[in-house]
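The lines below spell out each chain.
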Amino acid sequence: MASESIALPRATESTRGITERLHEWVVTVDHKKIGLMYILYALVFLVIGGIEATIIRIQLIIPHNNFVSPQVFNRMMTMHGTTMIFFVAMPILFGFGNYLVPLMIGARDMAFPRLNAFSFWLMAFGGLLLYFSFIGGTGLYGAGSAPDVGWWAYAPLTSRAFSKGHSTDFWTLAVLVSGFGSIGTAVNFIATIISMRCPGMTLGKMPLLAWMNLVMAGLVLLAISPLTAAQAMLMLDRYVGAHFFDTQAGGSAAIWMHFFWIFGHPEVYVLIIPCFAFVSEIVPVFSRKPIFGYPVMVGATVAIGFVSMTVWAHHMFTIGMTSYANAFFTFSTMVVGIPTGIKIFNWIGTMWGGKILLKAPMLFCIAFIFQFLIAGLTGIMLAAAPFDWQLGNSYFVVAHFHYVIVGGILFALFGAFYYWFPKMSGRMYNEGLAKLHFWTFFIGFHLTFDLMHIPGMLGMPRRIYTYEPGRGWDFWNFLITIGVFFQIAGVLVFVANLGWSLWKGRTAGNDPWDAWTLEWATSSPPPDYNFASIPTVRSRRPLWDLKHPEDPDWKYE
Amino acid sequence: MRVAGLAGLLVGGLLAAGLCYGAAADPSPIPTMFRPESTPAASIHRLSLFVLAISGIIFVCVFWLLVYSVVKFRKRSDDDGSEPPQVYGSNPLELAWTVIPGLIVLVLFLATARVIHAIQDAPRPESAVEVTVIGHQFWWEFRYPGLGVVTANELHVPVSDPAHPTPTFLTLLSADTDHSFWIPELNGKTDLIPNRINHMWIDPHREGVYLGQCAQYCGVQHAKMLLRVYVDSREDFERWVEQEKKPAERNDAVSAGRRVFETTACINCHAVSGTVADGLFGPDLTHLMSRETIASGAALNTRENLRLWIHDPDAFKPGSLMPAMNLNDQDLDALVAYLESLR
Amino acid sequence: MHDTSIAAASAEPQWVLPSRGPVAMYSLILAESAIFTIFVVAYLFYIGKNLTGPYPNDVLELPIFATICLLSSSGTIHFAIPALRRGNTRAFGTWWFATLALGSIFLFETGREWHYLIYEKGLTISTNLFGTTYYSLVGLHAFHVTVGLILLALGMIFTLLGKVRQEHAERAEVFSLYWHFVDAVWVVVFTVVYIVGR
């Protein structure tokens, strides 16, 4: 058969010392190892970012709390946001993409393996640089240490005058450096997907995960670059006396906002599109049907990519733009909801008429669809500029975007973890523990983030280290913090499950889910060379064709 | 999946509970956009209910489709292991669920654009009260250019009768970083951005005190840059303006305190009209005692709080830009007595 | 995937995909375009907003000679690549050297202009908004020219050492894409700074 793996002698494995093994990982250019390093790196920072969030929520559990000082709180909220976006979400999605894309397109590695490694280490260095600020960032009047300007770092708060010391510089440089890594990864993804597909895999036959990583990579190129430019401008302002955002010299604070959100909005699509990919791979397998409307799914993703570049100023509805500008961005933001909604219908269409198996990956994907629906709807509400004038910069917005990031992205990631863990490790996870993880986390998520909409509607702004009693916010903040502990419990169960399964899980075999894409055609974990010989495909589901030679997909596509 | 259904009901119920705060009669300390007391807030409220209703309907429809598909097409325990019919798509369905959302977007957009235009491009009547708001780290400066009044942190405006509106038009500026003016019952928020002039307007229909706070992260004490708007009857407002226009009362009984004020660094930041103090960095103190709070709402305006604020500002607002004045007890008491004379 | 994949492959048309080098370079160019766009937008936004002088009209002169050099260098590299593809390393080396020389003249001229602006006109990056946006935009471009010149110099060294052969034509072509991009950016910068902005 085309891709049975060849057993290589592993006689020397047990004699390799720990330093040799570590060295192998540090110098590797293999996409699978790099992918796993990205994922592991992100998981460590997920825990750190989670601790920062917990500190924030404990401080806010009652009004006028003294758990941390305002200075520490402001650093926590800045570091939490920056860490989660740049050093958790992006690396973990790059990691999954790195691992899966070459396997799913029948290639042996990414197009540029050394660039791949370089990009990873750039990103890793960026994260370490950011956290070095805790010990290295001293400045005048003790106003150094970790950055405390919020993860959007609005000007002129970030100017030398208002942010003394080096804390802002750590933010700027760490994100700048990891941004270069992201651009390198994006270039690699595009070159791989365009140039390294196996014979027969036209663009119309490649898995949706490949399509979505392609669109994501294109967005990274267009989105990260404006941030890079803006941060270069900020450094010039802070160090050589430039006036880009210097309002005293006639500069504009609003132009930072434009540049930042021209990055910031496509960035959130960079984060969610790979999660759409996970759901689009998992739901068909666990419904036992092909994805409903493959061409429309591709078209909708591309449309989202383009339209997402035109919506950025909905983060700026309150800055006093003209009514025409506000109306335009209301319109474009609502329009981008249409292709997104189409995807939800297509996922439900996939499940319709199928035979749904409610294992952990599918549970997380169903929760994703449910939660992403709500998040999308609160997004449509916020798209109406007057609604945003009331609820922008309030806890309603915090609830909305956590609904997308935790309820959407993180749930899809958990699903992806459970789905591909057998492939990556060769072992099955424990289904009972996985379901416990699901329900605990689900309860905690909803307790925290459903209720969080309410203080926003009752006038609670964001980024405040404490609040006045008697505003009607106390009760909700208390319950919101309680939900955090359920989420922590869920994540602990998840980590325990992964650890235990790595050690004691039963062997998974090549294809434990009876799935249809190429990664399931090779061993678990795959050998270094991925496939013994490069496969040739004739349809979108090569393994379906193999398993059903009397009724192959290529007859119907 | 029943749990998901219950969760959905819980969410809906909580949202409804939140909305029901709109039922109370008096303006209360709970700031909420669902109890509008001003024309712009009211039109935002109506639009919000419309948008919420449409979103609610979409949610219910899609949610039940999801739940139905999971329940109905679940793999049965007596399943024969065959694969279900492999359906690749349906062009009519794709068209339908593209066109219908498109129409919904169109309707929502048109409704929204009307409200945007009505609020932002509202004409300014002659009878409008004009206030210039200047945001500082971490307090609000209010100037009434037409009336010759300068005050801080507590904004007084006249109530506006819908039949003969007397709105207040605010010009929003900033002296340092970005801030945002937000009183939910009166209007949505608008930012105060340095080197930029923004505008907003309110026409409160009911007298009372409205609470809000700065809504754009502006630095370490963003959380305590609180805001109060006092909506007065026409007569009360005019009385307030008359009082505010007067220079500071000169009371010889507190001259010791005045000397402390005028010879320490107080006058570098603060102004008291009719005296040598004309600093602009901090709030104008000419009529300090006409305000209910100090430190932009961080504390009530009482003798003990005033004393503590001057002695150690970090006690109320750690990181605020008011320095501890390092006065001995005698000077401090005299100073407080002087400040208490500034009615 | 057929059992008869080997037989089928020889009967099917050849599977040819775009080469990864140019795809990667085009992607990089896309990202770089976005960075330049932001600096251009900042430049355009701040035209006329200076609080103090010197102003563009007072100090800027059209850099005609430098522009001709840079744009010609696109022409010379355009001839270099086919020469290498044909295996004519001699001609390739000559055209490649011409590109390097013309690019260096451009950079030198930029340096001369900056020297004049700083020492005789008193315009630095911190003087006013014009200084800020001018030096950052022209400087970003000059930085990209410098990187290109370093790579051109490396290529020159390898050519002189006889290490560059016909099979390296594609790599040289990928570089030439970058160089053409740098020149195209200059057209935009020239228009924005010296024509629109004055």
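These numbers come from a predicted model, not from an experiment. (Residues numbered from 1 in each chain as written. Chains lettered and ligands numbered in written order. Predicted model: local features only at pLDDT ≥ 70, side-chain atom pairs only at ≥ 80, totals over all residues. Heavy atoms only, no water.)

S.K.: Is there a simple way to think about the overall build of chain B in this case?
M.R.: Check the secondary structure of chain B and you find eight helices and twelve strands. For 343 residues, the compact-globule estimate of 2.2 N^0.38 gives 20 Å, and chain B exceeds it by more than 25% at 27 Å. In terms of overall dimensions, chain B has a C-alpha envelope of 100 × 45 × 40 Å along the principal axes. Taking all 343 residues of chain B together, the buried fraction comes to 53%. (Helix = DSSP H or I, 4+ residues; strand = E, 2+ residues; numbered from the N terminus. Rg over C-alpha atoms; globule rule 2.2 N^0.38 Å. Buried < 20%, exposed > 50% of the residue type's maximum accessible area, 1.4 Å probe, protein only.)

S.K.: Is there a simple way to think about the interface of chain C and chain A in this case?
M.R.: A common way to state how big an interface is: give the accessible area lost once the parts meet. Facing 33 residues of chain C, the contacting portion of chain A comprises 44 residues. Roughly 3,200 Å² is buried in total at the junction of chain C and chain A, and carbon and sulfur atoms are behind 76% of that figure. Our enumeration of links across chain C and chain A arrives at zero salt bridges. Where chain C meets chain A, there are nine residue pairs in polar contact (both at pLDDT 80 or more). When contributions to the side of chain C that touches chain A are tallied by element, the ones reaching two or more residues are helix 2 (20–45) and helix 6 (129–160) of chain C. Sorting elements by how many residues they give to the side of chain C that touches chain A places helix 2 of chain C first, with 15 residues. Among the residues forming the side of chain C that touches chain A, the class breakdown is 20 nonpolar, ten polar and three charged. (Contact = heavy atoms within 4.5 Å. Buried area = accessible area lost by both parts, 1.4 Å probe. Salt bridge = Lys/Arg side-chain N within 4 Å of Asp/Glu carboxyl O. Polar contact = N/O pair within 3.5 Å; in protein donor to acceptor, adjacent residues only side chain to side chain. Nonpolar A, V, L, I, M, F, W, Y, C, P; charged D, E, K, R; others polar.)

S.K.: Help me understand the sheet that holds strand 8 (residues 198–202) of chain B, please; the structure alone is not making it clear to me.
M.R.: Residue and element names in this part refer to chain B. Overall, mixed pairing links the five strands, which are arranged 3-2-1-5-8 in an open sheet. Each of the sheet's edge strands pairs with one partner strand only, and the pair in question is strand 3 (149–152) and strand 8. Neighbouring strand axes in the sheet, compared pairwise and without regard to direction, differ in orientation by 25° on average. As paired elements, strand 1 (residues 129–136) and strand 2 (residues 139–144) share five bridges and run antiparallel to each other. If you follow Ile-134 over to strand 2, its bridge partner there is Glu-141. (Pairing = 2+ DSSP bridges. Axes fitted to C-alpha atoms, helices over the stretch in contact; angles between N-to-C directions.)

S.K.: I would appreciate a short explanation of the interface of chain B and chain A in the present structure.
M.R.: Taken together, the contact pairs 94 residues of chain B with 105 residues of chain A. When chain B packs against chain A, the two sides together hide about 8,600 Å² of surface, and 70% of this comes from carbon and sulfur. Connecting chain B to chain A are three salt bridges. Residues Asp79(B) and Lys355(A) are paired through a salt bridge, measuring 2.8 Å at the closest nitrogen-oxygen approach. At the junction of chain B and chain A, the tally comes to 32 residue pairs in polar contact (both at pLDDT 80 or more). Elements with a minimum of two residues in the side of chain B that touches chain A: helix 1 (2–19), helix 2 (39–72), helix 3 (91–120), strand 7 (190–192) and strand 9 (208–213) of chain B. A total of 16 residues in the side of chain B that touches chain A trace back to one element, the largest contributor, which is helix 2 of chain B.

S.K.: Looking at this structure, I do not really get the pairing of strand 8 of chain B. What am I missing?
M.R.: If a strand is regular, its side chains alternate between the two faces of the sheet. Residues and elements named next belong to chain B. Within strand 8, four of the five residues are buried, which leaves it mostly tucked inside the rest of the structure. Of the strand pairs in this sheet, strand 5 (residues 168–174) and strand 8 are connected by five bridges, and their pairing is antiparallel. Bridge pairing in strand 8 links Thr-168 to Ile-202.

S.K.: Any chance you could explain the packing of aromatic side chains here in plain terms?
M.R.: In this description, a pair of aromatic rings is defined by centroid distance and the angle of the planes. Overall, the coordinates contain 91 aromatic pairs over all chains when judged by the stated rule. A ring pair is formed by Trp96(C) and Phe175(C), whose centres lie 5.6 Å apart and whose planes are at 50°; its orientation type is tilted. A residue pair is termed long-range when its members are at least 10 positions apart, and Trp96(C) in helix 5 (residues 89–120) and Phe175(C) in helix 7 (residues 169–196) qualify at 79 residues. The positively charged end of Arg541(A) is found above the aromatic ring belonging to Trp516(A), 4.4 Å away from the centroid. Geometry around Phe112(A) places Arg20(C) over its ring, the cationic atom sitting 5.3 Å from the centre. (Phe/Tyr/Trp six-rings, centres within 6.5 Å; stacked < 30°, edge-to-face > 60°. Lys NZ or Arg CZ within 6 Å of the ring centre and 35° of its normal.)

S.K.: When you look at the pattern of salt bridges in this model, what are you seeing that I'm missing?
M.R.: Opposite charge on two side chains lets them pair, provided their charged atoms get close. All names here are of chain B. Across all of its chains, the model carries 25 salt bridges over all chains by this definition. Ionic pairing is found between Asp-236 and Arg-239, a salt bridge with its closest N-O pair at 3.0 Å. In this pair, Asp-236 and Arg-239 both sit in helix 4 (residues 234–245), three residues apart, roughly one turn of the helix. For Arg-239, a relative accessible area of 54% translates into the label exposed.

What is shown is where atoms sit, not what they do.
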